[in-house]
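Tertiary structure, described
Given next are the chains, with one letter for each unit.
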Amino acid sequence: MLTLLPQAIIDGLLLGGIYLTVSIGFSLAYGVLHIIDFAVGEWIMLGAFLGLYLTAWTGWDAMLFLPAVFVVFAVVGWFTQPLIQRVTSGAKGRPVLMALVFTFGLALTFRGAAQTVFGIFTHSLPTELAAGSWYWELGPFMMTVPLVRLAGLVYALAITVGLTYLLKRTDLGLAIRAVAQHKDAAGLMGVNIQRTNAVVYSLYVGISAMTGVFIGAIISLNSGMGPDLSLFAFFVVVLAGMGYLPGVPWASFLLGLIQSFFLIFFNPSWTLLAVFTVLFLILLVSPTGLFRKGV
Amino acid sequence: MSTLLKVEGIDVFYGPAQALWGVSFEVAKGQLVSLVGTNGAGKTTTLRAICGLIEAKAGRIAWDGREISGLPVHEIMDLGVSLVPEGRQLFPKMTVEENLTIGSYLRRTKANRNRNLDWVYELFPRLSERRRQLAETMSGGEQQMLAIGRALMQEPKFLILDEPSLGLSPVLVQDIFRIIKDFHDRGLTTLLVEQNVSQTLQLVDYAYVIENGRIIMEGKGRDLADNPKVKEAYLGF
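The structure contained in this document is the topic of the report that follows. Not measured: the values here are computed from a predicted model.

Criteria and cut-off values
- The written sequence of each chain sets the order in which its residues are numbered from 1.
- Throughout, the order in which chains and ligands are written sets their labels, letters from A for the former and numbers from 1 for the latter.
- Selection of residues for local features in this predicted model requires a pLDDT of at least 70, selection of side-chain atom pairs for listing and counting requires 80 or more, and totals for whole chains, interfaces and linings are taken over all residues.
- Working definition of a contact: two residues with C-beta atoms, positioned from the backbone, lying within 7 Å.
- Runs of E in the DSSP output that reach at least two residues are strands. Runs of H or I that reach at least four are helices, and both are numbered from the N terminus.
- The residue classification treats Ala, Val, Leu, Ile, Met, Phe, Trp, Tyr, Cys and Pro as nonpolar and Asp, Glu, Lys and Arg as charged. All others, Gly included, are polar.
- Here the expected length of a helix is defined as 1.5 Å per residue gap, with one fewer gap than residues.
- To assign burial, the other C-beta atoms lying within 10 Å of each residue's own C-beta are counted, with C-beta atoms placed from the backbone; 20 or more indicates buried, 12 or fewer indicates exposed, and intermediate counts indicate partly exposed.
- What makes two strands pair is DSSP finding at least two bridges between them.
- Under the definition applied here, buried Ala, Val, Leu, Ile, Met, Phe, Trp, Tyr and Cys residues are grouped into a nonpolar core through C-beta atoms within 7 Å.
- We call a crossover right-handed when, viewed with both strands directed away from the observer, the connection leading from the first strand over the helix to the second proceeds clockwise.
- With axes taken as lines fitted to C-alpha atoms, and helix axes fitted only over the stretch in contact, angles between N-to-C directions fall between 0 and 180 degrees.
- Oblique is the label for any angle not under 35 degrees, not over 145, and not in the 65 to 115 range, which are roughly parallel, roughly antiparallel and roughly perpendicular in turn.
- Rotating anticlockwise by less than a right angle from the far helix to the near helix defines a left-handed crossing, while the corresponding clockwise rotation defines a right-handed one.

Each side of the interface is counted separately: chain B has 19 residues, and chain A has 15 residues. When residues of the side of chain B that touches chain A are traced back to their parent elements, those giving at least two are helix 2 (73–78) and helix 3 (96–103) of chain B. Per-class residue counts for the side of chain B that touches chain A are twelve nonpolar, four polar and three charged.

Here you go:
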């Protein structure tokens, strides 16, 4: 059994990378816009299908379409955010609830439309990377790293580093953090709040859609994949602390590791039970997440 | 002297409750003007209306002869208005330096960022010592200095201070008032909102007294300080 330990760790990290990409944009959007977007999994699903149609149409490798998928969905996000803004800034108040209802409706609409247009079959995105994998034997230990999963982890880390750089080192990032911390004061500094919100939402939707391409290549895609992904995004973001971005990578990798350990050492069918028990226990002890930095 | 800011008969509501009733006043270029009044009189609401943080249902606000009511906050700030808000309203999870840096977010000040940073640090050496510290971990006096420094980074043509002396020790209050006077002497147009009426009236060129959302009196600072009604209501004589 012990010989599987390195593999369990590797699998956990690779899986954690997927969770990281699913939840980092979502966490940013929550931290700045204070909306819980139920549609996060649906954006991922739509991105995956755009990737699927582009590859089917051109015959090229799915990875080549990452930038295109990002741009298309960033534009979609840019035009969706003002709608959310309208719904949440009504005179009657309750913005959090209104955003929940609105994005829930958005999610249902997207899923319903996708099931009608794309059908209910499961597909997989073709990429050269899917064929390759690295394999080592070190004494009694055997380790396999599928290249496409490794690419997913690299993508996750690149997005994390990129977002951190944006937030910490650029004026746009300073403005985004200002809006997250004190909206009125950000306006007083000359920050265009409406535009900053749209930029954040558009980044989030673009990143989520790109993530869809990876998930489609690593696992599979179908029009009903959204809700599970949303669930994992919630899981990670709650564990990290609502809106606390630096906690997201830790929470993602923790989730990945718990899952891979359970899968390898215990009963695979208990995996989700284990994952949610851990979430429950951690929140019982620290309701504001792993680092006590959430809202 | 030409008028820089002219507020004419503004009404402001919070939901169904009216907070301001036909408030009018003006500030000329280079003047130090004060709006004094008790807690809840409508001082902060007036400032929020000027900055575009809340909409006036009636009346108009003009900047240098041009109507600015209805403009978004960031555009009003770009005209050269800077507000040091009540309760500082710093960015708590940012460092001192980041709080100052975002003061020069506007394009017209970005090019002078480093020069202005040096200047603010020279003005408030305490901030320079603490540039890597998070704003939320600083004392009230230091936070007030940071809030003023942040506004100065915006290269204001018109500086508005909302109760800068609130919660500060008497020594620090003296410091803050000295800084305000200093900038006034250098020609900066300033609107000072205070509950500290006696000291404010000694300092300013002209003052308006606001009560229950209405301007009830106005006059030169020293004249108002000698006014028996003001003495009775605000100075405790």
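Next, the rest of the story.
Another aspect to go through is helix 5 (residues 147–169) of chain A. Residues and elements named next belong to chain A. Spanning 23 residues, helix 5 covers 32 Å between terminal C-alpha atoms, matching the ideal 33 Å at 1.5 Å per step. All of the buried residues in helix 5 are Val148, Arg149, Ala151, Gly152, Leu153, Tyr155, Ala156, Leu163 and Leu167. Elements in contact with the buried residues of helix 5: helix 1 (5–33), strand 2 (141–146), helix 6 (171–181) and helix 8 (193–218).

For the rest of this paragraph, the subject is the pairing of strand 4 (residues 58–63) of chain B. All names here are of chain B. Two strands pair when backbone bridges link them, and strand 1 (residues 3–14) and strand 4 are joined in this way by five bridges, in the antiparallel orientation. Note on strand 4: the bridge partner recorded for Leu5 is Trp63. Where strand 4 folds back on strand 5 (residues 66–67), the antiparallel hairpin that results is connected by two residues, among which Asp64 adopts a positive phi of roughly 55 degrees.

For the rest of this paragraph, the subject is the nonpolar core. Membership of the largest hydrophobic core comes to 156 residues, with the highest contact counts inside it found for Ala29, Ala178, Val200 and Val236 of chain A. The element best represented in this core is helix 8 of chain A, accounting for 15 residues.

With that out of the way, let us pick up the pairing of strand 7 (residues 158–162) of chain B. For a regular strand, the rule is simple: side chains alternate between the two faces of the sheet. Residues and elements named next belong to chain B. Of all five residues that make up strand 7, five are buried, and the element is covered over most of its length. The alternating pattern of strand 7 places Phe158, Ile160 and Asp162 on one face and Leu159 and Leu161 on the opposite face, and all of these are buried. Alignment of strand 6 (residues 81–84) against strand 7, held across four bridges, turns out to be parallel. Across the sheet, the residue bridging to Val81 is Phe158, located in strand 7. Here strand 7 pairs with strand 8 (residues 189–194) via five bridges, running parallel. Following the sheet pairing, Leu159 is matched in strand 8 by Thr190. In this fold, the crossover linking strand 7 to strand 8 by way of helix 8 (residues 170–185) has right-handed handedness.

All names here are of chain A. Here helix 3 (residues 66–88) crosses helix 8 at 140 degrees, and the two axes come no closer than 6 Å. The angle between the axes of helix 3 and helix 8 places the two elements in the oblique class. By crossing handedness, the relation of helix 3 to helix 8 is classed as right-handed. Judged by residue contacts, Leu66, Val69, Phe70, Phe73, Ala74, Val76, Gly77, Trp78, Thr80, Gln81, Pro82 and Gln85 of helix 3 engage Asn197, Ala198, Tyr201, Ser202, Leu203, Tyr204, Val205, Gly206, Ala209, Met210 and Val213 from helix 8.

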